[in-house]
Amino acid sequence: MGKTQANGGLWECAELICSYTRQQAIDDGVLVDLMQPELVELVRNAGIKFPVAMTAEAFGDYVELTPVAKEMCNDIKGRLWDVLWMFSQAARKCRGDTVLFDFYCVTNRRKPTKCTLKAVIGPGDDPAPVITIMHPWQD
């Protein structure tokens, strides 16, 4: 493997041992690509201009249907819309690369629960910006 050129310091000329790309994370199921043809319209309608993915864990907890969510007649697109819309509103007020945002979601009880997610914007596999939505403890 070759050497990398950093901006000096500890990692200058450090050998790159391994890298894991965003696309590999999507292919492996670690991230859920929200730019799929059946979802991209929701992303755009929420006013989001950059590609978005969610961690599989956050997607499973708040977008996929729990038995109680099914009982309450929730659907995946509606649940995803809630996440995307609340993210987009919080992002408009944010001045950094990370934003925490709250929304209400039917999880394991009929009454919606206040939930918090984190979104980070930064470069993807190339310098173009991408957004990743995740649990607050994930990175």
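Preceding this paragraph is the structure being described.
Rules used throughout
- Residues numbered from 1 in each chain as written.
- Predicted model: local features only at pLDDT ≥ 70, side-chain atom pairs only at ≥ 80, totals over all residues.
- Heavy atoms only, no water.
- Helix = DSSP H or I, 4+ residues; strand = E, 2+ residues; numbered from the N terminus.
- Buried < 20%, exposed > 50% of the residue type's maximum accessible area, 1.4 Å probe, protein only.
- Contact = heavy atoms within 4.5 Å.
- Pairing = 2+ DSSP bridges.
- Axes fitted to C-alpha atoms, helices over the stretch in contact; angles between N-to-C directions.

Asker: Could you give an account of the overall build of the chain, with specific residues and numbers?
Answerer: Each helix and strand counted, the chain has 5 helices and 5 strands in total. Each helix and strand of the chain, placed in order from N terminus to C terminus, yields the pattern α-β-α-β-α-α-α-β-β-β. Dimensions along the principal axes, computed over C-alpha positions, put the chain at roughly 55 × 30 × 30 Å. When the 139 residues of the chain are sorted by exposure, 33% land in the buried category. The long-range share in the chain, meaning contacts at least 24 apart out of those at least 6 apart in sequence, stands at 43%.

Asker: Hey, could you go over the sheet that holds strand 5 (residues 129–134) for me, with residue numbers and the actual values?
Answerer: Reading across the sheet, the 5 strands line up as 1-2-5-4-3 and stay open at both edges, with mixed pairing between neighbours. Whereas interior strands pair on both sides, the edge strands pair on one side only; in this sheet they are strand 1 (31–33) and strand 3 (98–105). With strand direction ignored, the average angle separating the axes of adjacent strands in the sheet is 30 degrees. Note: strand 1 against strand 2 (residues 52–55), 3 bridges, orientation antiparallel. When the sheet's bridge partners are listed, D33 is paired in strand 2 with A53. Here helix 5 (residues 76–93) sits on the sheet and contacts strand 2, strand 3, strand 4 (113–123) and strand 5; the angle it forms with strand 3, its principal contact strand, is near 140 degrees.

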